[in-house]
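Next come the chains, spelled out residue by residue.
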Amino acid sequence: MLISLPFALELRMPSLWNTMSSAASFLDRFLPSVAVEPQVLCANPQLKNLISGSISRPRLRFPWLLSSALLQMLLCRHTFKHRRKYIQYDRKIIRVDSGDVIALDWLRGQEDLPLDAPIAVISPTLVGKGDDVREYAEELAKQGFRVVVVQRRGHSGLPLESHSWNLMGNTKDLRVGVATVHERHPNAHITLMGVSAGCGIVIRYLSEEAENSNAIPITGAVLICPGWDLNVTWQHMNLAISMYFALQIRSKVLWKHRDVLRHAPAFWRAMIFGNTMPRLYRLLYGVAGFPDYESFAAFSDPVANMHKVTKVTIIVFNNKDDYACPWKSVQPESIMRQPNTALVWLPKCGSHLGGYTSWQTQKGGTVNWGAENAARFLKALVDKAQRAQTLQLA
(Lines give C-alpha, C1' and ligand atoms only; values in the text may rest on other atoms or scores of the structure.)
Protein backbone atom coordinates (compact mmCIF):
# COMPACT_ATOMS: atom_id res chain seq x y z
CA MET A 1 0.00 0.00 0.00
CA LEU A 2 3.04 2.26 -0.24
CA ILE A 3 1.66 3.77 -3.44
CA SER A 4 -1.34 5.17 -1.57
CA LEU A 5 0.78 7.30 0.80
CA PRO A 6 1.76 10.06 -1.68
CA PHE A 7 -1.84 10.25 -2.92
CA ALA A 8 -2.95 10.73 0.68
CA LEU A 9 -0.31 13.43 1.14
CA GLU A 10 -1.58 15.35 -1.86
CA LEU A 11 -5.26 14.93 -1.01
CA ARG A 12 -5.16 15.46 2.75
CA MET A 13 -2.24 17.88 3.12
CA PRO A 14 -2.21 19.96 -0.07
CA SER A 15 -0.31 22.87 1.54
CA LEU A 16 2.56 20.55 2.53
CA TRP A 17 2.56 18.99 -0.92
CA ASN A 18 2.65 22.46 -2.56
CA THR A 19 5.53 23.51 -0.31
CA MET A 20 7.50 20.39 -1.24
CA SER A 21 6.73 20.96 -4.93
CA SER A 22 7.92 24.57 -4.77
CA ALA A 23 11.17 23.57 -3.06
CA ALA A 24 11.81 20.78 -5.56
CA SER A 25 10.99 23.11 -8.46
CA PHE A 26 13.56 25.64 -7.17
CA LEU A 27 16.29 22.99 -6.82
CA ASP A 28 15.38 21.60 -10.22
CA ARG A 29 16.81 24.69 -11.92
CA PHE A 30 20.35 23.94 -10.75
CA LEU A 31 20.62 20.18 -11.12
CA PRO A 32 22.38 18.40 -13.99
CA SER A 33 20.22 16.21 -16.23
CA VAL A 34 20.50 12.53 -17.14
CA ALA A 35 19.25 11.21 -20.49
CA VAL A 36 16.84 8.28 -20.84
CA GLU A 37 16.78 6.44 -24.16
CA PRO A 38 13.29 5.72 -25.54
CA GLN A 39 12.85 2.37 -27.25
CA VAL A 40 11.02 1.83 -30.56
CA LEU A 41 9.50 -1.39 -31.91
CA CYS A 42 8.34 -1.20 -35.51
CA ALA A 43 8.38 -3.51 -38.54
CA ASN A 44 8.23 -0.62 -41.03
CA PRO A 45 11.64 1.09 -41.63
CA GLN A 46 10.03 4.23 -43.08
CA LEU A 47 7.74 4.63 -40.08
CA LYS A 48 10.64 3.97 -37.72
CA ASN A 49 12.64 6.75 -39.42
CA LEU A 50 9.67 9.10 -39.11
CA ILE A 51 9.46 8.35 -35.40
CA SER A 52 13.20 8.79 -34.91
CA GLY A 53 12.96 12.20 -36.54
CA SER A 54 10.16 13.42 -34.29
CA ILE A 55 10.82 11.72 -30.94
CA SER A 56 13.14 13.39 -28.42
CA ARG A 57 15.20 11.84 -25.60
CA PRO A 58 13.88 12.82 -22.16
CA ARG A 59 16.44 14.24 -19.74
CA LEU A 60 15.79 13.82 -16.01
CA ARG A 61 16.82 16.61 -13.67
CA PHE A 62 15.81 14.59 -10.62
CA PRO A 63 17.10 11.19 -11.76
CA TRP A 64 16.94 9.59 -8.31
CA LEU A 65 13.35 10.76 -7.86
CA LEU A 66 11.80 11.00 -11.32
CA SER A 67 12.87 7.47 -12.18
CA SER A 68 10.26 6.40 -9.62
CA ALA A 69 7.03 5.31 -11.33
CA LEU A 70 5.18 6.16 -8.14
CA LEU A 71 6.35 9.76 -8.15
CA GLN A 72 5.64 10.06 -11.88
CA MET A 73 2.00 9.13 -11.26
CA LEU A 74 1.73 11.68 -8.49
CA LEU A 75 3.22 14.39 -10.70
CA CYS A 76 0.71 13.39 -13.36
CA ARG A 77 -2.21 13.99 -10.98
CA HIS A 78 -0.67 17.24 -9.73
CA THR A 79 -0.20 18.53 -13.28
CA PHE A 80 -3.78 17.64 -14.26
CA LYS A 81 -5.06 19.81 -11.45
CA HIS A 82 -2.59 22.63 -12.07
CA ARG A 83 -3.40 23.05 -15.76
CA ARG A 84 -7.08 23.65 -15.02
CA LYS A 85 -6.04 27.27 -14.40
CA TYR A 86 -4.73 27.70 -17.94
CA ILE A 87 -6.57 25.28 -20.24
CA GLN A 88 -10.31 25.74 -20.71
CA TYR A 89 -12.91 24.32 -23.11
CA ASP A 90 -16.06 25.48 -24.83
CA ARG A 91 -18.68 22.72 -24.75
CA LYS A 92 -21.12 21.74 -27.50
CA ILE A 93 -23.80 19.18 -26.65
CA ILE A 94 -24.80 16.67 -29.35
CA ARG A 95 -27.68 14.22 -29.14
CA VAL A 96 -27.03 10.64 -30.21
CA ASP A 97 -29.24 7.56 -30.35
CA SER A 98 -31.28 6.25 -27.39
CA GLY A 99 -31.85 9.81 -26.21
CA ASP A 100 -28.31 10.10 -24.84
CA VAL A 101 -26.01 13.05 -25.40
CA ILE A 102 -22.29 13.46 -25.85
CA ALA A 103 -20.22 16.62 -25.67
CA LEU A 104 -17.52 18.10 -27.85
CA ASP A 105 -15.19 20.18 -25.68
CA TRP A 106 -13.34 22.55 -28.02
CA LEU A 107 -10.12 24.02 -26.67
CA ARG A 108 -10.73 27.69 -25.94
CA GLY A 109 -8.70 30.40 -27.67
CA GLN A 110 -8.33 28.73 -31.09
CA GLU A 111 -10.89 30.82 -32.95
CA ASP A 112 -8.21 32.47 -35.12
CA LEU A 113 -6.85 29.20 -36.52
CA PRO A 114 -7.41 28.62 -40.27
CA LEU A 115 -10.51 26.60 -41.08
CA ASP A 116 -8.32 23.86 -42.55
CA ALA A 117 -5.97 23.65 -39.55
CA PRO A 118 -5.32 20.01 -38.55
CA ILE A 119 -7.63 18.65 -35.85
CA ALA A 120 -6.81 16.37 -32.94
CA VAL A 121 -9.80 14.47 -31.53
CA ILE A 122 -9.06 13.18 -28.02
CA SER A 123 -10.78 10.22 -26.36
CA PRO A 124 -10.22 10.70 -22.59
CA THR A 125 -9.52 8.35 -19.71
CA LEU A 126 -11.52 5.81 -17.69
CA VAL A 127 -14.05 8.21 -16.19
CA GLY A 128 -13.96 10.41 -19.29
CA LYS A 129 -12.99 13.86 -18.08
CA GLY A 130 -11.45 16.61 -20.19
CA ASP A 131 -9.50 17.70 -17.10
CA ASP A 132 -7.34 14.60 -17.42
CA VAL A 133 -6.13 15.42 -20.94
CA ARG A 134 -5.41 19.13 -20.59
CA GLU A 135 -1.64 18.76 -20.95
CA TYR A 136 -2.14 16.71 -24.12
CA ALA A 137 -4.46 19.42 -25.45
CA GLU A 138 -1.85 22.05 -24.61
CA GLU A 139 0.94 20.23 -26.46
CA LEU A 140 -1.28 19.60 -29.49
CA ALA A 141 -2.20 23.29 -29.60
CA LYS A 142 1.50 24.18 -29.62
CA GLN A 143 1.86 22.08 -32.78
CA GLY A 144 -0.93 24.02 -34.51
CA PHE A 145 -3.78 21.54 -33.95
CA ARG A 146 -7.36 22.50 -33.33
CA VAL A 147 -8.19 20.37 -30.29
CA VAL A 148 -11.51 18.79 -29.37
CA VAL A 149 -12.27 16.27 -26.61
CA VAL A 150 -15.15 13.83 -27.20
CA GLN A 151 -16.89 13.34 -23.86
CA ARG A 152 -18.72 10.01 -23.80
CA ARG A 153 -22.30 9.54 -22.67
CA GLY A 154 -22.72 9.42 -18.91
CA HIS A 155 -19.31 11.05 -18.26
CA SER A 156 -18.10 14.51 -17.32
CA GLY A 157 -21.49 15.72 -16.07
CA LEU A 158 -23.47 14.32 -19.01
CA PRO A 159 -26.75 12.51 -18.37
CA LEU A 160 -27.36 8.86 -19.22
CA GLU A 161 -30.78 8.03 -20.64
CA SER A 162 -30.26 4.54 -22.08
CA HIS A 163 -30.26 1.49 -19.83
CA SER A 164 -26.77 0.35 -20.77
CA TRP A 165 -23.26 1.69 -20.29
CA ASN A 166 -19.94 0.20 -21.40
CA LEU A 167 -16.89 0.80 -19.25
CA MET A 168 -14.66 0.86 -22.35
CA GLY A 169 -16.91 3.26 -24.24
CA ASN A 170 -19.35 3.20 -27.15
CA THR A 171 -17.90 3.68 -30.64
CA LYS A 172 -21.11 5.47 -31.65
CA ASP A 173 -20.07 8.35 -29.40
CA LEU A 174 -16.70 8.75 -31.11
CA ARG A 175 -18.24 8.22 -34.54
CA VAL A 176 -20.77 11.00 -34.00
CA GLY A 177 -18.03 13.24 -32.61
CA VAL A 178 -15.69 12.68 -35.57
CA ALA A 179 -18.54 13.14 -38.06
CA THR A 180 -19.51 16.44 -36.44
CA VAL A 181 -15.92 17.66 -36.50
CA HIS A 182 -15.56 16.67 -40.16
CA GLU A 183 -18.81 18.40 -41.08
CA ARG A 184 -17.62 21.58 -39.40
CA HIS A 185 -14.11 21.44 -40.94
CA PRO A 186 -14.36 19.31 -44.10
CA ASN A 187 -10.90 20.26 -45.47
CA ALA A 188 -8.93 19.65 -42.28
CA HIS A 189 -6.75 16.63 -41.54
CA ILE A 190 -8.26 14.71 -38.60
CA THR A 191 -6.12 12.75 -36.15
CA LEU A 192 -7.13 10.71 -33.11
CA MET A 193 -5.59 10.43 -29.66
CA GLY A 194 -6.67 7.89 -27.07
CA VAL A 195 -5.56 8.37 -23.48
CA SER A 196 -5.45 5.32 -21.17
CA ALA A 197 -8.90 3.66 -21.30
CA GLY A 198 -9.79 6.02 -24.17
CA CYS A 199 -7.43 4.00 -26.40
CA GLY A 200 -9.85 1.09 -26.58
CA ILE A 201 -12.64 3.08 -28.19
CA VAL A 202 -10.19 4.58 -30.71
CA ILE A 203 -8.98 1.13 -31.82
CA ARG A 204 -12.51 -0.27 -32.02
CA TYR A 205 -13.65 2.76 -34.01
CA LEU A 206 -10.76 2.45 -36.48
CA SER A 207 -11.32 -1.29 -36.90
CA GLU A 208 -15.03 -0.79 -37.58
CA GLU A 209 -14.41 2.07 -40.01
CA ALA A 210 -11.78 0.03 -41.86
CA GLU A 211 -14.67 -1.92 -43.42
CA ASN A 212 -16.62 1.23 -44.30
CA SER A 213 -15.98 2.53 -47.82
CA ASN A 214 -17.42 5.92 -46.86
CA ALA A 215 -15.35 6.32 -43.71
CA ILE A 216 -14.04 9.76 -42.80
CA PRO A 217 -10.28 9.84 -43.58
CA ILE A 218 -8.08 9.70 -40.47
CA THR A 219 -4.50 10.94 -40.95
CA GLY A 220 -3.07 9.12 -37.93
CA ALA A 221 -3.65 8.04 -34.34
CA VAL A 222 -1.75 7.95 -31.07
CA LEU A 223 -2.53 5.67 -28.12
CA ILE A 224 -1.23 6.78 -24.72
CA CYS A 225 -0.68 3.95 -22.20
CA PRO A 226 -3.39 1.53 -23.37
CA GLY A 227 -4.23 -1.65 -21.49
CA TRP A 228 -3.74 -4.25 -24.20
CA ASP A 229 -5.16 -7.48 -22.81
CA LEU A 230 -7.66 -6.18 -20.25
CA ASN A 231 -7.79 -9.39 -18.23
CA VAL A 232 -4.00 -9.25 -17.82
CA THR A 233 -4.12 -5.51 -17.15
CA TRP A 234 -6.66 -5.78 -14.34
CA GLN A 235 -4.95 -8.81 -12.74
CA HIS A 236 -1.49 -7.20 -12.62
CA MET A 237 -2.56 -3.65 -11.83
CA ASN A 238 -1.26 -2.24 -8.56
CA LEU A 239 -3.85 -3.08 -5.89
CA ALA A 240 -4.21 0.47 -4.52
CA ILE A 241 -4.72 1.88 -8.01
CA SER A 242 -7.13 -0.95 -8.84
CA MET A 243 -9.24 -0.10 -5.80
CA TYR A 244 -9.06 3.62 -6.58
CA PHE A 245 -10.22 3.13 -10.19
CA ALA A 246 -13.04 0.81 -9.08
CA LEU A 247 -14.20 3.39 -6.54
CA GLN A 248 -14.16 6.16 -9.16
CA ILE A 249 -16.26 4.11 -11.59
CA ARG A 250 -18.81 3.07 -8.98
CA SER A 251 -19.21 6.54 -7.48
CA LYS A 252 -18.94 8.76 -10.57
CA VAL A 253 -20.80 6.59 -13.09
CA LEU A 254 -22.71 3.62 -11.66
CA TRP A 255 -24.12 5.27 -8.54
CA LYS A 256 -24.65 8.59 -10.26
CA HIS A 257 -26.77 6.92 -12.96
CA ARG A 258 -28.33 4.26 -10.74
CA ASP A 259 -31.87 5.29 -11.67
CA VAL A 260 -31.39 4.02 -15.24
CA LEU A 261 -28.82 1.27 -14.60
CA ARG A 262 -30.09 -0.40 -11.42
CA HIS A 263 -32.30 -2.88 -13.29
CA ALA A 264 -29.37 -4.18 -15.36
CA PRO A 265 -28.16 -7.70 -14.48
CA ALA A 266 -25.40 -7.74 -11.86
CA PHE A 267 -25.65 -3.96 -11.21
CA TRP A 268 -25.99 -4.29 -7.44
CA ARG A 269 -23.37 -7.03 -7.35
CA ALA A 270 -21.00 -4.66 -9.12
CA MET A 271 -21.76 -1.90 -6.63
CA ILE A 272 -21.30 -4.15 -3.59
CA PHE A 273 -18.53 -6.56 -4.64
CA GLY A 274 -16.69 -4.66 -7.37
CA ASN A 275 -14.08 -3.13 -5.07
CA THR A 276 -11.18 -3.93 -7.43
CA MET A 277 -10.93 -3.69 -11.20
CA PRO A 278 -10.82 -7.47 -11.87
CA ARG A 279 -13.99 -8.02 -9.82
CA LEU A 280 -15.79 -4.96 -11.15
CA TYR A 281 -14.95 -5.68 -14.80
CA ARG A 282 -16.35 -9.21 -14.58
CA LEU A 283 -19.62 -7.85 -13.18
CA LEU A 284 -20.23 -5.09 -15.74
CA TYR A 285 -21.41 -7.27 -18.61
CA GLY A 286 -25.08 -6.75 -17.71
CA VAL A 287 -24.70 -2.98 -17.39
CA ALA A 288 -23.11 -2.96 -20.87
CA GLY A 289 -26.06 -4.90 -22.31
CA PHE A 290 -24.35 -8.30 -22.80
CA PRO A 291 -25.77 -11.66 -21.72
CA ASP A 292 -22.49 -12.93 -20.23
CA TYR A 293 -18.96 -11.89 -19.37
CA GLU A 294 -17.32 -13.75 -22.28
CA SER A 295 -19.20 -11.84 -24.99
CA PHE A 296 -18.66 -8.55 -23.15
CA ALA A 297 -14.90 -9.16 -22.80
CA ALA A 298 -14.53 -10.18 -26.45
CA PHE A 299 -16.32 -7.04 -27.62
CA SER A 300 -14.39 -4.70 -25.32
CA ASP A 301 -10.90 -6.12 -25.99
CA PRO A 302 -9.02 -3.13 -27.49
CA VAL A 303 -6.56 -5.16 -29.58
CA ALA A 304 -8.76 -8.02 -30.81
CA ASN A 305 -9.46 -6.21 -34.09
CA MET A 306 -6.27 -4.17 -34.41
CA HIS A 307 -5.24 -6.26 -37.43
CA LYS A 308 -8.15 -4.73 -39.38
CA VAL A 309 -6.61 -1.26 -39.16
CA THR A 310 -4.38 -1.24 -42.23
CA LYS A 311 -4.72 2.29 -43.63
CA VAL A 312 -4.17 4.43 -40.53
CA THR A 313 -0.72 4.91 -39.00
CA ILE A 314 -0.74 4.30 -35.23
CA ILE A 315 1.93 4.92 -32.62
CA VAL A 316 1.50 3.42 -29.15
CA PHE A 317 3.19 4.89 -26.07
CA ASN A 318 3.65 2.48 -23.16
CA ASN A 319 6.09 2.43 -20.26
CA LYS A 320 7.79 -0.50 -18.58
CA ASP A 321 7.14 0.87 -15.08
CA ASP A 322 3.42 1.54 -15.59
CA TYR A 323 1.48 0.72 -12.41
CA ALA A 324 -1.96 1.01 -14.01
CA CYS A 325 -1.45 -0.71 -17.39
CA PRO A 326 1.38 -3.15 -16.61
CA TRP A 327 3.98 -4.06 -19.20
CA LYS A 328 2.86 -7.70 -18.98
CA SER A 329 -0.29 -6.80 -20.90
CA VAL A 330 1.63 -5.32 -23.86
CA GLN A 331 1.66 -7.50 -26.98
CA PRO A 332 4.81 -6.78 -29.06
CA GLU A 333 3.88 -9.53 -31.52
CA SER A 334 0.74 -7.56 -32.48
CA ILE A 335 2.90 -4.55 -33.27
CA MET A 336 5.29 -6.53 -35.46
CA ARG A 337 2.38 -7.90 -37.48
CA GLN A 338 1.16 -4.38 -38.25
CA PRO A 339 3.32 -2.53 -40.79
CA ASN A 340 1.59 0.76 -40.00
CA THR A 341 1.93 0.53 -36.20
CA ALA A 342 4.82 1.26 -33.83
CA LEU A 343 5.41 0.91 -30.09
CA VAL A 344 7.47 3.50 -28.19
CA TRP A 345 8.28 3.00 -24.54
CA LEU A 346 10.45 4.33 -21.75
CA PRO A 347 12.35 1.80 -19.62
CA LYS A 348 11.89 4.08 -16.58
CA CYS A 349 10.48 7.46 -15.51
CA GLY A 350 7.27 6.88 -17.48
CA SER A 351 4.69 5.19 -15.26
CA HIS A 352 1.06 5.73 -16.30
CA LEU A 353 0.64 8.89 -18.40
CA GLY A 354 3.94 10.08 -16.91
CA GLY A 355 7.33 10.89 -18.37
CA TYR A 356 7.94 14.15 -16.54
CA THR A 357 11.52 15.31 -16.97
CA SER A 358 11.64 17.83 -14.13
CA TRP A 359 9.60 18.98 -11.15
CA GLN A 360 8.46 22.22 -12.78
CA THR A 361 4.75 21.85 -13.53
CA GLN A 362 4.06 25.57 -13.88
CA LYS A 363 2.84 26.96 -17.18
CA GLY A 364 5.87 27.26 -19.40
CA GLY A 365 7.82 24.70 -17.39
CA THR A 366 8.91 21.24 -18.49
CA VAL A 367 6.00 19.14 -19.66
CA ASN A 368 5.11 15.52 -19.99
CA TRP A 369 7.52 13.81 -22.41
CA GLY A 370 4.81 11.48 -23.75
CA ALA A 371 2.34 14.33 -24.37
CA GLU A 372 4.96 16.45 -26.10
CA ASN A 373 6.21 13.68 -28.39
CA ALA A 374 2.75 12.33 -29.19
CA ALA A 375 1.83 15.81 -30.46
CA ARG A 376 5.06 16.04 -32.44
CA PHE A 377 4.43 12.66 -34.05
CA LEU A 378 0.89 13.58 -35.13
CA LYS A 379 2.26 16.83 -36.56
CA ALA A 380 4.86 14.84 -38.54
CA LEU A 381 2.08 12.65 -39.96
CA VAL A 382 0.01 15.69 -40.95
CA ASP A 383 3.04 17.34 -42.60
CA LYS A 384 3.70 14.13 -44.54
CA ALA A 385 0.07 13.96 -45.71
CA GLN A 386 0.10 17.63 -46.72
CA ARG A 387 3.28 17.12 -48.76
CA ALA A 388 1.66 14.17 -50.53
CA GLN A 389 -1.38 16.32 -51.34
CA THR A 390 0.85 19.07 -52.74
CA LEU A 391 2.64 16.59 -55.00
CA GLN A 392 -0.68 15.25 -56.28
CA LEU A 393 -1.90 18.75 -57.12
CA ALA A 394 1.36 19.54 -58.87
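Note that this is a predicted model, so its numbers are computed, not measured.

### Things to note about helix H7 (residues 171-184)
Next, step 1: Between its terminal C-alpha atoms H7 stretches 20 Å, which fits the 20 Å expected from 14 residues at 1.5 Å a residue.
Next, step 2: Listed in full, the buried residues belonging to H7 are Thr171, Asp173, Leu174, Gly177, Val178, Thr180 and Val181.
Next, step 3: At its buried positions, H7 is contacted by strand E4 (89-95), strand E5 (101-107), strand E6 (119-123), strand E7 (146-151), strand E8 (190-195) and helix H8 (198-209).
Next, step 4: If you check the start of H7, you find a side-chain oxygen 2.9 Å away from the backbone N of Lys172, and it comes from Asn170.

### A look at the side chain of Thr191
Next, step 1: Examined against the element boundaries, Thr191 turns out to sit in strand E8.
Next, step 2: A relative accessible area of 0% places Thr191 in the buried class.
Next, step 3: Not counting the four nearest positions on each side in its chain, Thr191 is found in contact with Ile119, Ala120, Val121, Phe145, Ile218, Thr219, Gly220, Leu378 and Val382.

### A word on the nonpolar core
Next, step 1: Counting residues in each nonpolar core, the largest one holds 38 residues, and the members touching the most others are Ile122, Leu140, Met193, Ile224 and Phe317.
Next, step 2: Residues within four places of Phe317 in sequence aside, it is in contact with Ile55, Val222, Leu223, Ile224, Cys225, Pro226, Val344, Trp369, Asn373 and Ala374.
Next, step 3: Core analysis: the second largest hydrophobic core is formed by 36 residues, Cys199, Ile201, Ile218 and Leu223 among them.

### Observations concerning the sheet that holds strand E11 (residues 341-346)
Sheets are built from strands that pair by backbone hydrogen bonding, the pairs being arranged parallel or antiparallel.
Next, step 1: Strand order in the open sheet made by the nine strands is E2-E11-E10-E9-E8-E6-E7-E5-E4, with mixed pairing throughout. Of all strands in the sheet, those bounded by a partner on one side alone are strand E2 (39-42) and E4. The sheet shows a mean angle of 20° between the axes of neighbouring strands, direction not considered.
Next, step 2: Sheet analysis places strand E10 (residues 314-319) next to E11, joined by six bridges and oriented parallel. Looking across to E11, one finds that Val316 is bridged to Leu343.

### Examining unusual backbone geometry
Next, step 1: Phi is positive for Ser156, which is not a glycine, with a value near 50°.
Next, step 2: Tracing the sequence through the fold places Ser156 in the loop between E7 and H7.
Next, step 3: Under the relative-accessibility criterion, Ser156 is labelled partly exposed at 25%.
Next, step 4: Phi is positive for Ala266, which is not a glycine, with a value near 70°.
Next, step 5: With respect to the helices, strands and loops of the structure, Ala266 is situated in the loop between helix H11 (258-261) and helix H12 (267-273).

Each value, and the rule that gives it
Residues numbered from 1 in each chain as written. Predicted model: local features only at pLDDT ≥ 70, side-chain atom pairs only at ≥ 80, totals over all residues. Heavy atoms only, no water. Helix = DSSP H or I, 4+ residues; strand = E, 2+ residues; numbered from the N terminus. Expected span 1.5 Å × (residues − 1). Buried < 20%, exposed > 50% of the residue type's maximum accessible area, 1.4 Å probe, protein only. Contact = heavy atoms within 4.5 Å. Polar contact = N/O pair within 3.5 Å; in protein donor to acceptor, adjacent residues only side chain to side chain. Core = buried A, V, L, I, M, F, W, Y, C linked by side-chain atoms within 4.5 Å. Pairing = 2+ DSSP bridges. Axes fitted to C-alpha atoms, helices over the stretch in contact; angles between N-to-C directions.

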